[in-house]
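Next come the chains, spelled out residue by residue.
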Amino acid sequence: EPEVTQTPSHQVTQMGQEVILRCVPISNHLYFYWYRQILGQKVEFLVSFYNNEISEKSEIFDDQFSVERPDGSNFTLKIRSTKLEDSAMYFCASRGWPSPLHFGNGTRLTVT
Amino acid sequence: ILNVEQSPQSLHVQEGDSTNFTCSFPSSNFYALHWYRWETAKSPEALFVMTLNGDEKKKGRISATLNTKEGYSYLYIKGSQPEDSATYLCAFYNTGNQFYFGTGTSLTVIP
C-alpha cells in the first residue's frame, strides 16, 4: 500500500537555524497538509496545500514558515529561524478526494 | 476557536471488556467526521470517514456512530484486546476544507 514518507525522522537544530522537513506524499493525492504535535498537546493544523498553492493556514503558520512542492513529488516545510517552542513532532499528510488523511511517520524536531 | 472534544482523556479496560468513547464537535459547517487510530511510535491511521447523520460504520470489533445535529460521534470497541491499545483521535472536517482534531482518548487494554 502506498505510504507518505517523511525525512529525517529526527532533526536536532540550534535556535535561529533554518530547517527543512521533507515529505513525499502518495503519488495520486492532490491535497497536502502539515500538522504538528507539541509533546503532551493536541495535534495542531499548520497549513494545507492544493493546486500548487496554500489553501489554508493557521495562526501558527507565520512568516517564519513556508511550504513548497519543488519537483512535483516532494512537499517541504521550511522553518526559517527556529525557536525553542518549535520543538514538536511534525506530521505530513496527504489525501485524494474524498479519502481520509494518510499520515507520514513524522519528524521529531528538537530545537536547542 | 473551534473545539473538538474527546472524552474520556484516557481509559484502562480489562481484556474482553467492551468500551466506548465520545467525540463532540460543532454542528455547523459539518462536512465529515474522521476517526483515526494512533499507536505509539507510528503515524495516525484512518479508521472511519463518516458524512451522514445517523451513519454507523463497522470494522471488525470497532464501530462508530454519528449524530451531526447534536454534534457527537461514539466509537465502540467490543471485546477489547491488548492490540487495541492506542490513542483514538477524531477529526472534524468542515465545509472550509479544514480538519480540527480532538485531543484523543488513550486506551490501554490490560491482558
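Look above for the structure.
Below, the structure is looked at part by part.

**Some words on the nonpolar core**
Then step 1. L33, W35 and Y88 of chain B are the most contacted members of the largest nonpolar core, which has 23 residues in total.
Then step 2. Mapped onto this core, the elements with two or more residues apiece are β2 (10-14), β3 (19-24), β4 (30-38), β5 (45-50), β7 (62-67), β8 (72-77), β9 (86-94) and β11 (105-110) of chain B.
Then step 3. Top element by residues in this core is β9 of chain B. It accounts for 4 residues.
Then step 4. Within the second largest apolar cluster, 22 residues are counted, among which are C23, I26, V47 and F75 of chain A.

**Things to note about the packing of aromatic side chains**
Then step 1. With the rule as written, the count across this model stands at 24 aromatic pairs over all chains.
Then step 2. Ring plane angle 65 degrees and centroid distance 6.0 Å describe the contact between F103 of chain A and F101 of chain B, whose orientation is recorded as edge-to-face. Here F101 of chain B lies in strand β10 (residues 99-101) and F103 of chain A lies in strand β10 (residues 102-103), a pairing that spans two chains.
Then step 3. The buried category is assigned to F103 of chain A, whose relative accessible area is 7%.
Then step 4. Each residue in the set Y33, Y35, F45, F91 and F103 of chain A together with Y31, Y36, W38, Y93, F99 and F101 of chain B is aromatic and connected to the rest through ring pairs, giving one cluster.

**What about the state of the cysteines?**
Residues and elements named next belong to chain A.
Then step 1. According to the stated counting rule, one finds 2 disulfides over all chains in the structure shown.
Then step 2. What pairs with C23 in a disulfide is C92, and their sulfur atoms sit 1.9 Å apart. The S-S bond linking C23 to C92 shows a torsion near -60 degrees; that makes this disulfide left-handed. One end of the pair, C23, is in strand β3 (residues 19-24); the other, C92, is in strand β9 (residues 88-95), with 69 residues separating them in the sequence.

**Some words on the sheet that holds β3 of chain B**
Residues and elements named next belong to chain B.
Then step 1. Overall, antiparallel pairing links the 5 strands, which are arranged β1-β3-β8-β7-β6 in an open sheet. The outermost strands of the open sheet, each flanked by one partner alone, are β1 (5-7) and β6 (56-59). Taking the axes of each pair of neighbouring strands and ignoring which way they run, one obtains an average angle of 15 degrees across the sheet.
Then step 2. Summarising the sheet, β7 and β8 pair through 6 bridges and their orientation is antiparallel. Each bridged residue has a counterpart across the sheet, and for S63 the counterpart in β8 is Y76.

**Thoughts on the layout of surface pockets**
Then step 1. Here the largest pocket defines a volume of roughly 680 Å³.
Then step 2. Lining the largest pocket we find 29 residues, and of these Q37, L39, G40 and Q41 of chain A together with W38 of chain B sit closest to its centre.
Then step 3. Within the residue set of the lining of the largest pocket, elements represented by two or more residues are β9 and β11 (107-111) of chain A together with β9 and β11 of chain B.
Then step 4. Here the lining of the largest pocket is composed, by residue class, of 11 nonpolar, 14 polar and 4 charged.

Rules of the game
- Residues numbered from 1 in each chain as written.
- Chains lettered and ligands numbered in written order.
- Predicted model: local features only at pLDDT ≥ 70, side-chain atom pairs only at ≥ 80, totals over all residues.
- Heavy atoms only, no water.
- Core = buried A, V, L, I, M, F, W, Y, C linked by side-chain atoms within 4.5 Å.
- Buried < 20%, exposed > 50% of the residue type's maximum accessible area, 1.4 Å probe, protein only.
- Helix = DSSP H or I, 4+ residues; strand = E, 2+ residues; numbered from the N terminus.
- Phe/Tyr/Trp six-rings, centres within 6.5 Å; stacked < 30°, edge-to-face > 60°.
- Disulfide = S-S within 2.5 Å.
- Pairing = 2+ DSSP bridges.
- Axes fitted to C-alpha atoms, helices over the stretch in contact; angles between N-to-C directions.
- 1 Å grid on protein atoms, 1.4 Å probe; cavity = no way out; pocket = protein on both sides within 12 Å on 5 of 7 lines; lining within 4 Å.
- Points joined across faces, edges and corners; volume = space filled by probe spheres on them.
- Nonpolar A, V, L, I, M, F, W, Y, C, P; charged D, E, K, R; others polar.

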